[in-house]
Amino acid sequence: MYEGAREKIARFVNAKDSSEIIFVRGATEAINLVAYSWGLHNLKQGDEVLLSLMEHHSNIVPWEIISKISKFNIKYTQIKSDGTLDYADLEAKINSRTKLVSLTHVSNVSGVVNDVRHVAKVAHDHGALVLVDGAQSVPHMPIDVQKLDADFLVFSGHKMLGPTGIGVLYGKKSFFETMEPFQGGGEMIKDVSFSQKSGRCSISWNDPPWKFEAGTPNVAGGIALGEAVKYLQNIGMNEVLEHELALTAYAFERLSELEKITIYGPTDVKVKCGIIPFSVEGLSSHDVALFCDNFGIMLRSGFHCAQPLHQVFKLQSSARASFYIYNNTEEVDQFVEILKELEQF
Amino acid sequence: MARVEGTCGAEKDVIVIFKYEMKEEAVARILKRAQLKNSIAGIIYELTYNGVSFRLYANGKAIFRRIKNREELNEILATLLALSNNYHI
């Protein structure tokens with residue numbers, strides 16, 4: 001069943017082979033795996049890694065940590081005032097020293113959808129690899145890793161109806177075959193042989209994906225994620241996307257009735273997903289979230305683990321409404337009515 | 001109290017979460033002692049106490065602003081939540 005789940009997930013993102021799917025704890029661990037298994041062994045002084053200012057901390061911190069060890073340089077693509085990625089700046093910053101472009105597909109703060117297919121082409125033209133953070137895209141839209149031509153794609157189970165503690169690293173087989181293991185232990189080895197002559201053990205690695213799955217796997221998590229994927233596929237990812245975009249467009253329309261609300265980032269659903277960051281005049285994002293909490297509406301408040309983007313927007317924090325398949329227009333109406341009440345405060 | 005958390009964001013405010021089974025009592029005691037400045041429908045209360053402003057929520061949470069340190073917060077909460085006005089920490 002565990003390997004069956006791997007196959008389901010491979011089909012879900014259109015991987016060529018299930019060996020390109022590695023089970024991890026989540027998107028964060030997946031990025032760390034690439035940073036430590038590929039980055040530490042392939043990046044050196046003079047090399048560059050290109051990130052963006054709209055990344056989640058999980059796609060910033062691992063690279064900043066290993067850059068201290070491997071001495072490579074990190075550059076950040078700027079964000080335009082409307083919250084979209086500055087592609088001209090990205091293209092200007094890619095050069096022959098760029099070894100990796102690591103970019104979120106969808107911003108977890110603004111919901112902006114980045115053209116990662118275009119970015120992959122530009123990066124590959126310069127000989128750089130591409131890692132796509134799909135934590136906010138894989139649950140919400142059809143994803144085809146072969147069309148995107150991403151070298152790595154990461155995502156988490158808990159954002160797509162699965163449990164916490166399980167996620168996926170997709171990678172092209174050729175990279176997994178040459179990359180060093182992330183962690184050592186059982187399962188990830190073929191042979192551990194003690195030599196009387198040398199007094200040491202010689203070790204050969206297992207094949208991917210098991211080479212990167214040391215120790216007892218999260219069997220229950222993997223199977224549960226496979227079932228979540230099956231559930232989403234039965235609905236259809238195009239239908240999931242359409243539903244979310246319709247709700248988002250409706251929410252923008254209703255939110256425009258409010259006087260003290262400021263929305264950040266684009267309001268055109270053609271360039272974004274079902275995420276709306278906003279603030280209410282005179283109130284902190286935590287006040288807004290706690291108030292809505294009283295009515296059973298859950299918002300995220302704070303930096304959303306993306307402090308650099310809040311610096312771009314010059315915000316101390318933001319509240320974030322987000323939609324998924326279980327939400328409906330009545331809930332959007334309720335949300336707007338609650339905000340109207342809060343505006344009176 | 002169940003726990004105290006620093007807020008995520010540049011504001012550096014403090015969120016106090018009262019024990020679930022005691023939240024109604026905690027809210028009632030605070031409303032009795034603090035000075036009410038504003039409120040909406042018994043859900044959010046803007047209050048001040050000894051020069052410290054904070055917002056209290058009916059679901060048993062409160063946000064305190066510009067608190068100097070944990071000691072100051074503990075002192076305010078101990079007084080606000082005391083069983084009687086003669087309570088001293």
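Here is what the cut-offs are and how they apply
- Residues numbered from 1 in each chain as written.
- Chains lettered and ligands numbered in written order.
- Predicted model: local features only at pLDDT ≥ 70, side-chain atom pairs only at ≥ 80, totals over all residues.
- Helix = DSSP H or I, 4+ residues; strand = E, 2+ residues; numbered from the N terminus.
- Rg over C-alpha atoms; globule rule 2.2 N^0.38 Å.
- Core = buried A, V, L, I, M, F, W, Y, C linked by C-beta atoms within 7 Å.
- Buried ≥ 20, exposed ≤ 12 C-beta atoms within 10 Å, placed from the backbone.
- Domains from an automatic or database assignment.
- Contact = placed C-beta atoms within 7 Å.
- Pairing = 2+ DSSP bridges.
- Axes fitted to C-alpha atoms, helices over the stretch in contact; angles between N-to-C directions.

Chemist: Before we go on, may I ask you to explain the overall build of chain B in this structure?
Modeler: Per the secondary structure count, chain B includes 2 helices and 6 strands. For chain B, the sequential pattern of α-helices and β-strands runs β-β-α-β-β-β-β-α. Its C-alpha radius of gyration of 12 Å places chain B within 12% of the 12 Å reference for a compact globule of 89 residues. For chain B, the C-alpha atoms occupy an extent of roughly 35 × 30 × 25 Å along the three principal directions.

Chemist: Explanation requested: the nonpolar core in the structure shown.
Modeler: Residues and elements named next belong to chain A. Val13, Val130, Val154, Val168 and Leu169 are the most contacted members of the largest nonpolar core, which totals 115 residues. Considering every element that reaches this core, the biggest residue donor is helix H2 (residues 27-42), with 7 residues. A domain split of this core shows at least three residues from each of domain 1 (2-183 + 216-235) and domain 2 (237-343). Apart from the residues lying within four places of it in its own chain, the contact partners of Leu169 are Ile22, Val24, Ala30, Leu33, Val34, Phe152 and Val154.

Chemist: It is not clear to me how the environment of Gly42 of chain B should be interpreted in this structure. Could you clarify?
Modeler: All names here are of chain B. Within the secondary structure, Gly42 sits in the loop between strand S3 (35-40) and strand S4 (44-49). With 10 C-beta atoms packed within 10 Å, Gly42 lands in the exposed category. Taking C-alpha positions, Gly42 is 25 Å from Ile67, a pair spaced 25 residues apart along the chain.

Chemist: How do you make sense of the sheet that holds S4 of chain B when you look at a structure like this?
Modeler: If you walk across this open sheet you meet the 6 strands as S1-S2-S6-S5-S4-S3 (chain B), and the pairing is antiparallel. On the outer flanks of this sheet lie strand S1 (3-6) and S3 of chain B, each paired with one strand and no other. Neighbour to neighbour, the strand axes of the sheet diverge by 20 degrees on average, direction disregarded. Of the strands in this sheet, strand S2 (14-17), S4, strand S5 (52-57) and strand S6 (61-64) of chain B touch helix H10 (residues 285-293) of chain A, which is tilted by about 170 degrees from S6 of chain B.

Chemist: What is the right way to look at the environment of Ser18 of chain A in this model?
Modeler: By the secondary structure assignment, Ser18 of chain A is in the loop between helix H1 (2-12) and strand S1 (21-24). Put simply, Ser18 of chain A and Ser156 of chain A are 138 residues apart on the chain and 17 Å apart in space, counted from C-alpha to C-alpha.

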